[in-house]
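# Coordinates in review
The lines below spell out each chain.
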Amino acid sequence: MFMCLGMVGPSFKGIKIAGLAVLFTVLAAFNPRPFRAANAGVNIIVIDPGHGGKDPGNLGTGRYRTREKDVSFDVSALVKKYIEENLPDTKVILTRDDDRFIELYQRTVIANRANADVFISIHCNANDNKTAYGTESFVLGMGEKDQRLNKTAQLENAARLLEENWESNYEELNTNNPAAIIALRAYQDAFLEQSISIADEIQRQFEGRVKRRNRGVKQQPLAVLRGSTMPAVLVELGFLTNPGEEDFLQSTQGKELLASAIYRAVKEYKFKREQRDAGIQTEGSSLTPVVENSVPPVSDKPTETSVEPIPESIAAAPSTVINVAIEDGLTLHFSVQIAVSRNDLPCLPENFKGLESVWKQEQYGLYKYFCGRLTTFTEAEALKEEVLEHYPDAYLVAFEKDKKIDLNEAKKRAP
Ligand SMILES: [Zn+2]
């Protein structure tokens, strides 16, 4: 059945009130700070094993007794184990500890109430085309062009049908009118860049270390991500409808490899965030050293798996960045990132508090605005100090041929 979030049935007064109650539950669980403190770090992670209880998720090929809800739970539990063993300052909360049904909106309420820094929902994909395979990650898409749900989003949103009063549970979150929705939208705009960054890293780890086919990062209006007030990603580990991929996903080794790839992506994101935050707060402040207790079984070399590449019409969609600014031939340069927005603004001083030499990049419909293109770190530091007076959350970034690279690495290589 084709479902679109704009297409909801008629509602009765009583149900509408129930819907509003749900909306306020979601909003009441908001983090009261519009933007987290710069040194907030990444300390609480909510992992959401998809489906559960009366909702088995997709059934795969039918050759196994365990279904999507079981595979997603096993992988989620392993992600929790790896993170807690190796990042002792990070707490992981699972939205379910056993095989039970939880409404989709309730899953983000759990994350909001826990004041989580990241929300990751873990699922397995399905398709009528038995040859479809590979991993993909989703972030929330709310623009007009995202409104038509793709096959995966239809499947993942279908769990709503098992909820009592499901139409009212989501109707209020689908209207664009109430001020509360605008507030929610502002939160999600603010976190979209970070959501994309985590999703990208997860896909990179799946592809590079576990040798999965990368179907890319996509934006869809997914019900389970709708109420989130932190960076939020839905991960599809692979297709249970593809026999080869199902064998891998059902195997202990497959689950361990995928879970450790997610753990490594979380670790990367945590370090990047904390490095960035430390840079804003106090110059030269060091990160807490993290000792790896037990290293999850992912080697630095990609692992061969049983899935044979099967030709398929959909091409892999790795992330693309469109540079909509200057062509100055700089190979390595530093800039100050000042803002992220869905709005494509002309890079004029009047749009950026009088700052000159602003330029931008576009990725997934999101515009990132930067100030300056400097070849030495010292110059860049001086510029950052100036920019901070206008944009207190601004921070330094480094580029190589207009592709973002690690700041410390760039610092070492810069003159
Ligand atoms: Zn699912």
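Attention in this report is confined to the structure presented alongside it. (Residues numbered from 1 in each chain as written. Predicted model: local features only at pLDDT ≥ 70, side-chain atom pairs only at ≥ 80, totals over all residues. Heavy atoms only, no water.)

Here helix H9 (residues 377–388) is twelve residues long and its end C-alpha atoms lie 16 Å apart, about the 16 Å a rise of 1.5 Å per residue gives. Phe377, Ala380, Glu381, Leu383, Lys384 and Val387 are the residues of H9 that are buried. Angularly, the buried residues of H9 cover 165 degrees about the axis, an arc narrow enough to put them on a single face. (Helix = DSSP H or I, 4+ residues; strand = E, 2+ residues; numbered from the N terminus. Expected span 1.5 Å × (residues − 1). Buried < 20%, exposed > 50% of the residue type's maximum accessible area, 1.4 Å probe, protein only. Arc of directions from axis to C-beta.)

Our next topic: the sheet that holds strand E5 (residues 214–220). Taken in spatial order, the six strands make up an open sheet running E2-E1-E3-E6-E4-E5, and their pairing is mixed. At either end of the open sheet lies a strand with only one pairing partner, and these are strand E2 (91–94) and E5. Averaged over all pairs of adjacent strands, the angle between strand axes in this sheet comes to 20 degrees, irrespective of strand direction. Relative to strand E6 (residues 232–239), strand E3 (residues 118–125) is paired through six bridges, and the arrangement is parallel. Residue pairing in the sheet places His123 in a bridge with Glu236 of E6. (Pairing = 2+ DSSP bridges. Axes fitted to C-alpha atoms, helices over the stretch in contact; angles between N-to-C directions.)

Below, the discussion takes up the coordination of the zinc ion. Within the protein, the atoms that donate to the zinc ion are His51 (NE2), Glu68 (OE), His123 (ND1), Glu156 (OE) and Glu156 (OE), at distances of 2.0 to 2.5 Å. Coordination of the zinc ion draws on donor residues from a single chain, spaced H-x16-E-x54-H-x32-E in sequence. Placement of the pair is Glu68 in helix H2 (residues 68–86) and Glu156 in helix H4 (residues 151–157), with a sequence separation of 88 residues. A relative accessible area of 6% places Glu156 in the buried class. (Donors = N, O, S within 2.8 Å, 3.2 Å for Na, K, Ca; no water.)

Grouped together as the largest cluster of nonpolar side chains are 40 residues, with contacts concentrated most on Ile120, Ile202, Leu237 and Ile262. Ranked by residues supplied to this core, first place goes to helix H8 (residues 252–281) with nine residues. Counting 22 residues, the second-largest nonpolar core is a separate cluster that includes Val336, Tyr391, Ala398 and Ala410. (Core = buried A, V, L, I, M, F, W, Y, C linked by side-chain atoms within 4.5 Å.)

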